[in-house]
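Each chain, written out:
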Amino acid sequence: MIKFVVYDDEEVFRSNIVSCINKVIDNNKIDYKIEEFSKYNSRMQKVIDEDCPKIYILDIEIPNGLSGIDVARKIRVDDWNSIIILVTSHVDMGYDALKAQIMLLDFISKYNDCNRNIEKTVKKALLKIDNKKVLIFESNDITYKVYTDDIVYIVKDTIDRKCIIKTVYNEISINENISTLFDMLDNRFFMTHRSCIVNTEKIDRIDWRNNIVYFKNGFNTDYLSRDRKKEFKAYVRGC
């Protein structure tokens, strides 16, 4: 599960940010929770200490409380993996944010196309988290850890009923249902056939006439069914 942490003293802005997050998540297969805070407190620190992927959206200016930059410093004491986005009413405070060396993903003005910029940055943050996602499998008493970003495609072997995961580095054969694997993946992946899942970011070109998908590393697959071709073509063109 991914946790979004929204930190802003003004309820109207917190509500606006939450709406932006929900709008982005509606188009993604993600288990998530949003935590809202108007001030830094022990409950917020407890969330900071939790071991799970987190995306923080922090307001810099918090009257009579810790600034977003100060909260970011607390996060970075032990956590350099979570994603931090700062928002502010005063863009001239961006220099202070950069000087703080807190490894920001972005710095957003509340009054300059704020909603669009928040949605765009949340999408970028989700992609960064997805790229780091690890799937763990057991096969023949061996444990495999596979980064989803390394997967080129997955195909079901109809003879021995196993799924073969083709990565940029190797090939792994596991006893798993292909539909179960698809549910574990993010929206970069598309099921082109009942027996095949492809990573659309790894595609080099597609031969629609002969139903062949070519990948950037030289792999290819002809598992492209006619009934899914139209949907796949629209999906790829929309990426």
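In this text the structure is predicted, and so the values were computed from the model without any measurement. (Residues numbered from 1 in each chain as written. Predicted model: local features only at pLDDT ≥ 70, side-chain atom pairs only at ≥ 80, totals over all residues. Heavy atoms only, no water.)

Colleague: Explain the overall build of the protein to me, using residue names and the numbers behind them.
Modeller: If you tally the helices and strands in the protein, you get seven helices and 15 strands. Principal-axis analysis of the C-alpha atoms gives the protein an extent of 65 × 40 × 30 Å. Taking all 239 residues of the protein together, 46% fall into the buried category. Across the protein, the fraction of contacts at a sequence separation of at least 24, relative to all contacts at a separation of at least 6, is 53%. For the protein, the exposed area adds up to about 13,300 Å²; of that, 45% sits on carbon and sulfur atoms. Here the protein contributes 38 positively and 38 negatively charged side chains, and the mean placements of these two sets differ by 5 Å. (Helix = DSSP H or I, 4+ residues; strand = E, 2+ residues; numbered from the N terminus. Buried < 20%, exposed > 50% of the residue type's maximum accessible area, 1.4 Å probe, protein only. Contact = heavy atoms within 4.5 Å. Areas by Shrake-Rupley, 256 points an atom, 1.4 Å probe, with all protein chains shown as cover. Lys, Arg positive; Asp, Glu negative; His and termini not counted. Charge placed at Lys NZ, Arg CZ, Asp CG, Glu CD.)

Colleague: Tell me what's going on with the sheet that holds strand E15 (residues 220–221), and back it up with residues and numbers.
Modeller: Spatially, the three strands line up as an open sheet ordered E13-E14-E15, and their pairing is antiparallel. Two strands close off the open sheet at either side, each with one partner strand: strand E13 (203–207) and E15. (Pairing = 2+ DSSP bridges.)

Colleague: Tell me what's going on with the nonpolar core, and back it up with residues and numbers.
Modeller: Phe-4, Ile-21, Ile-55, Ile-57, Ile-118, Val-122 and Leu-126 are the most contacted members of the largest nonpolar core, which has 22 residues in total. Contributions of two or more residues to this core are made by strand E1 (2–7), helix H1 (11–25), strand E3 (54–59), strand E4 (83–88) and helix H5 (114–132). Beyond its immediate chain neighbours, meaning those up to four positions away, Ile-118 contacts Ile-17, Cys-20, Ile-57 and Ile-108. Formed by 17 residues, the second largest nonpolar core is a distinct cluster that contains Tyr-56, Ile-60, Ile-69 and Ile-102. (Core = buried A, V, L, I, M, F, W, Y, C linked by side-chain atoms within 4.5 Å.)

Colleague: Mind laying out helix H3 (residues 68–75), listing which residues take part and the relevant values?
Modeller: Residue pairs three or four apart in sequence face the same way in an α-helix, which turns once every 3.6 residues. Listed in full, the buried residues belonging to H3 are Gly-68, Ile-69, Val-71, Ala-72 and Ile-75. Along the axis of H3, the buried residues cluster in a sector spanning 160°; they form a single face. (Arc of directions from axis to C-beta.)

Colleague: Pulling in residues and values, what's your account of unusual backbone geometry?
Modeller: Residues other than glycine predominantly adopt negative phi, and peptide bonds predominantly adopt the trans conformation. In this structure, Asp-113 takes a positive phi of about 55° despite not being glycine. Checked against the element boundaries, Asp-113 lands in the loop between strand E5 (106–109) and H5. Residue classification places Asp-113 among the partly exposed positions, given a relative accessible area of 43%.

Colleague: Let's hear about the environment of Arg-73: which residues, and what values?
Modeller: One can find Arg-73 in helix H3. Residues Arg-73 and Ile-151 lie 78 residues apart in sequence; the distance between their C-alpha atoms is 35 Å.

Colleague: Which residues make up the sheet that holds E5, and what are the values?
Modeller: If you trace the five strands from one edge of the open sheet to the other, you get E2-E1-E3-E4-E5, paired in parallel fashion. The open sheet has two edge strands, strand E2 (32–37) and E5, and neither has a second partner. For this sheet, the mean angle separating the axes of adjacent strands, direction not counted, is 15°. Pairing analysis gives six bridges linking E1 to E2, with the strands arranged parallel. Paired with Ile-2 across the two strands is Tyr-32, which belongs to E2. Across the sheet, H1 is in contact with E1, E2 and E3; its angle to E2 comes to roughly 170°. Its contacts with the sheet put H3 on E1, E3 and E4, and the angle it makes with E3 is roughly 155°. (Axes fitted to C-alpha atoms, helices over the stretch in contact; angles between N-to-C directions.)

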